[in-house]
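So the chains spell out like this:
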Amino acid sequence: MRPALPKARWWGGASLGAAFLMANSSIGPGFLTQTTVFTQQLLTSFGFVILVSVVLDIGAQLNTWRILTVSELRAQDLANKLLPGLGYFLAATVILGGFAFNIGNIAGCGLGLNVLTGMSFEKGALISCAVALTLFWVREIGKMLDGFTKILGTVKILLTLGIAFSAHPPLLQALHHTLLPVKMSAAAIVTIVGGTVGGYITFSGAHRLLDAGITGPENQAEVTRSAISGIVISTLMRFVLFLAIVGVLSHGAVLEADNPAAGVFRSAAGEVGFRIFGVILWSAAISSVVGAAYTSVSFFKTFHPVFARYERVCISVFILLSTGIFVLIGKPTQLLLFAGAINGLILPIALGIVLVAATSRRLMGSYQHPRWMLAAGWVVVVVMGGLSVPVLVEQVSGLLR
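By the naming in an unreviewed UniProt entry, the protein chain is Membrane protein, taken from Hymenobacter frigidus. A UniProt comment under Subcellular location (unreviewed entry) is attached to the protein chain, and it reads "Membrane".

(A) Molecular detail of the side chain of Thr 178. Inspection of the secondary structure assignment puts Thr 178 in helix 9 (residues 171–179). Relative accessible area serves as the criterion here: at 6%, Thr 178 is assigned to the buried category. Thr 178 has contacts with Thr 44, Gly 47, Phe 48, Leu 51, Phe 239 and Phe 242, leaving out every residue within four places of it along the chain.

(B) View of the packing of helix 4 (residues 46–71) against helix 10 (residues 186–197). At their nearest, the axes of helix 4 and helix 10 sit 9 Å apart, and the two run at 45 degrees to each other. Between helix 4 and helix 10, the interaxial angle falls into the category oblique. In this structure, helix 4 meets helix 10 at a crossing whose hand is right-handed. Facing Phe 46, Val 49, Val 52, Ser 53, Leu 56, Asp 57, Ala 60 and Gln 61 of helix 4, the residues of helix 10 in contact are Ala 188, Ile 189, Ile 192, Val 193, Thr 196 and Val 197. Per-class residue counts for the contact of helix 4 with helix 10 are ten nonpolar, three polar and one charged.

(C) Examining helix 3 (residues 29–42) more closely. Taking 1.5 Å of rise per residue, the 14 residues of helix 3 would be expected to cover 20 Å, and the 20 Å separating its terminal C-alpha atoms lies within 8% of that figure. Where burial is concerned, most of helix 3 is hidden: twelve out of the 14 residues are buried. Restricting attention to buried positions, one finds in helix 3 the residues Pro 29, Gly 30, Phe 31, Leu 32, Thr 33, Gln 34, Thr 35, Thr 36, Val 37, Phe 38, Thr 39 and Leu 42. Within two residues after helix 3, Leu 43 carries a phi angle of roughly 55 degrees, on the positive side.

(D) Molecular detail of the pattern of salt bridges. Applying the stated rule across the entire model yields six salt bridges. Taking the shortest distance from any N to any O, the salt bridge between Arg 74 and Asp 211 comes out at 2.0 Å. Here Asp 211 lies in helix 11 (residues 201–212) and Arg 74 lies in the loop between helix 4 and helix 5 (75–82), a separation of 137 residues in the sequence. Measuring nitrogen to oxygen at the nearest pair gives 3.9 Å for the salt bridge that ties Arg 225 to Glu 222. Taken as a pair, Arg 225 and Glu 222 lie in helix 12 (residues 220–250) at a separation of three residues, close to a single helical turn.

(E) Focus on the packing of aromatic side chains. Counted by the stated rule, this structure contains seven aromatic pairs. On the numbers, 5.2 Å between centres and 65 degrees between planes, the contact of Phe 239 with Phe 242 is edge-to-face. Residue Phe 239 and its partner Phe 242 are located together in helix 12, separated by three residues, close to a single helical turn. One aromatic cluster is present, formed by Phe 46, Phe 239 and Phe 242 through successive ring pairs. Taking the ring centre of Phe 274 as reference, the NZ or CZ of Arg 266 above it sits at 3.7 Å.

(F) Spatial organisation of unusual backbone geometry. Positive phi, close to 55 degrees, is recorded for Leu 43, a residue that is not glycine. Structurally, Leu 43 can be placed in the loop between helix 3 and helix 4. In the Ramachandran plot, Glu 72 falls in the positive-phi region, its phi being about 60 degrees despite a non-glycine side chain. With respect to the secondary-structure elements, Glu 72 resides in the loop between helix 4 and helix 5. In this structure Glu 72 comes out as partly exposed when scored by relative accessible area, which is 41%.

(G) Local environment of the layout of surface pockets. Of the pockets and cavities examined, the second largest pocket occupies roughly 190 Å³. Around the second largest pocket, the lining residues are Ala 358, Thr 359, Ser 360, Arg 361, Met 364, Gly 365, Tyr 367, Gln 368, His 369, Arg 371 and Leu 374. Breaking the lining of the second largest pocket down by element, the ones donating at least two residues are helix 17 (361–364) and helix 18 (371–400). Of the residues in the lining of the second largest pocket, the class split is four nonpolar, five polar and two charged.

(H) Representation of empty space enclosed by the protein in the model. Applying the stated criterion to the full structure yields one cavity of 30 Å³ or more. Considered as a void within the structure, the largest cavity measures approximately 40 Å³ in volume. Lining the largest cavity are Phe 31, Ile 50, Ser 53, Val 54, Asp 57, Thr 196, Ser 234, Thr 235 and Arg 238. Class assignment of the residues belonging to the lining of the largest cavity gives a composition of three nonpolar, four polar and two charged.

(I) A look at a nonpolar patch on the surface. On the surface, Trp 137, Tyr 310, Val 313, Val 317 and Leu 321 cluster together into a nonpolar patch covering about 490 Å² of accessible area. Of all the elements, helix 15 (residues 311–329) adds the most residues to the nonpolar patch, at three residues. Assignment of secondary structure puts Val 317 in helix 15.

(J) Broad picture of the packing of helix 7 (residues 121–138) against helix 15. With their axes 10 Å apart at the nearest point, helix 7 and helix 15 run at an angle of 175 degrees to one another. Here helix 15 runs roughly antiparallel to helix 7, going by the angle between their axes. The segment helix 7 lies against helix 15, with Phe 121, Glu 122, Ala 125, Leu 126, Cys 129, Ala 132, Leu 133, Phe 136 and Trp 137 engaging Arg 312, Val 313, Ile 315, Ser 316, Ile 319, Leu 320, Thr 323, Phe 326 and Val 327.

(K) Up close: the environment of Gly 377. With respect to the helices, strands and loops of the structure, Gly 377 is situated in helix 18. The class for Gly 377 is buried, based on a relative accessible area of 0%. For the pair Gly 377 and Leu 56, spaced 321 residues apart in sequence, the C-alpha to C-alpha distance is 8.1 Å. Setting aside its immediate chain neighbours within four residues, Gly 377 contacts Gly 59, Asn 63, Leu 351 and Leu 355.

Cut-offs applied
By convention here, each chain's residues receive numbers from 1 onward along its written sequence. In keeping with the model being predicted, local features are shown solely for residues with a pLDDT of at least 70 and side-chain atom pairs are shown and tallied solely at 80 or more, while totals for entire chains, interfaces and linings include all residues. Calculated side-chain values reflect all of the structure's heavy atoms, with hydrogen atoms and water omitted. UniProt positions are given in the numbering used here, feature names are shortened, and annotations may be inferred rather than shown by experiment. Put simply, DSSP marks the helices as runs of H or I at least four residues long and the strands as runs of E at least two long, and each gets a number from the N terminus on. For the exposure calls, accessible area comes from a 1.4 Å probe over protein chains only, and a residue counts as buried if that area is under 20% of its type's maximum, exposed if over 50%, partly exposed in between. Residue contacts follow a heavy-atom distance rule, with two residues in contact if any of their heavy atoms lie within 4.5 Å. Axis angles are defined between N-to-C directions and span 0 to 180 degrees, where every axis is a line fitted to C-alpha atoms and, for a helix, only to the segment in contact. Put simply, angles under 35 degrees are roughly parallel, angles over 145 are roughly antiparallel, angles from 65 to 115 are roughly perpendicular, and the rest are oblique. Handedness of a crossing follows from how the near helix is turned relative to the far one, being left-handed for an anticlockwise turn of less than a right angle and right-handed for a clockwise one. Just so you know the grouping, Ala, Val, Leu, Ile, Met, Phe, Trp, Tyr, Cys and Pro go in nonpolar, Asp, Glu, Lys and Arg go in charged, and all remaining residues, Gly too, go in polar. Multiplying 1.5 Å by the helix residue count minus one yields the expected span of that helix. A pairing counts as a salt bridge when a side-chain nitrogen of Lys or Arg comes within 4 Å of a carboxyl oxygen of Asp or Glu. Each pair of aromatic rings taken from Phe, Tyr and Trp, with Trp reduced to its six-membered ring, is defined by centres within 6.5 Å and is described as stacked if the planes are under 30 degrees apart, edge-to-face if over 60, and tilted in the remaining cases. Put simply, a charge is over a ring when the Lys NZ or the Arg CZ is close to the ring centre, within 6 Å, and near the line of the ring normal, within 35 degrees. Any residue with an atom within 4 Å of a point lines the site, the site being either a cavity, points on a 1 Å grid over the protein atoms alone where a 1.4 Å probe fits but cannot get out, or a pocket, an open set with protein on both sides within 12 Å along at least 5 of 7 lines. Grid points are joined across faces, edges and corners, and a volume is the space filled by probe spheres set on the points. Here a patch means residues that are over 30% exposed by relative accessible area and free of salt bridges, tied together within 9 Å if like-charged and within 5 Å if nonpolar (Val, Leu, Ile, Met, Phe, Trp, Tyr). Calculation of accessible area relied on Shrake-Rupley with a 1.4 Å probe; when residues are assessed, cover is drawn exclusively from the protein chains displayed.

Here's what the structure looks like:
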């Protein structure tokens, strides 16, 4: 049995790194675009969507992180042990979702550098692709992920907080409608939950903990703390951004359709705010490119020793393909919304498999997964499964138009 981790290691080590990896993976360019688009539609009632998403996030993340780290198996390996071949299906769906997300992330990189320098979206995407590849090749992957995600996550939150103060949002009304909304949107819930913990994001932090050796029942307190920390970090950023958007909209701002989030920052703080948005967007996008590529490759590197041996090469190919498709397709804003919707559909499939595995004594040994967590997890599966299909159909129709 491994000893439980000392608290000092958690604050400076891989547990906090896993929390930031999950949070940064969810605080990507899709996060900025989705939050802006749906806040425009729902105004202060979007706070309720954030509240619902937090509850669903907890149900998904706590179950996934605890079950995987107790079993000491990555999700695809756990699924294959549950039912031979199921892990390959799970890996295929998560990699598909991660690929869709990463195309959106690359699009966000292009948007961010376009704001900062005026260069084309495509050129910005290509430069960002080169930066992401360099990050994976210059340092040991685990240490790079931990340090890089902590720094960029902190920068994004602090800069957005400054913009929110400048926007002077109606705080009391926002709080009131967060608890008692006047508008509702199934599309907003599916897309926000899908963009926060859907697809590969559900597993990003858990797979990082497995790589760091933070596993077993004796370390479940640290695993739980890490999962909750990741949810808190992403929720804090979402709510701060929501307040900034509500603030500028309440003062009559009209946001541009092609890059609506940029209009929020420009309205709140002029050209300085516009440049700050460029920094936040690029930081969000590049950290999500790194997170999506790392986690997606972790879903097939255990299938054959050659994948693990050439992990950096696999990650590089994943990033290059994502960049190539974005350069060919374009449509950055539509791609970001589509990525959240498709990952919202993948979430109930992936989580359902993990929950079934949690009830198997053959896989979990003497570990008894808390019944309330299982119940919460199945609520997420049912809710997201029921809402996701019509929303995804709508998003695909919009992308093809």
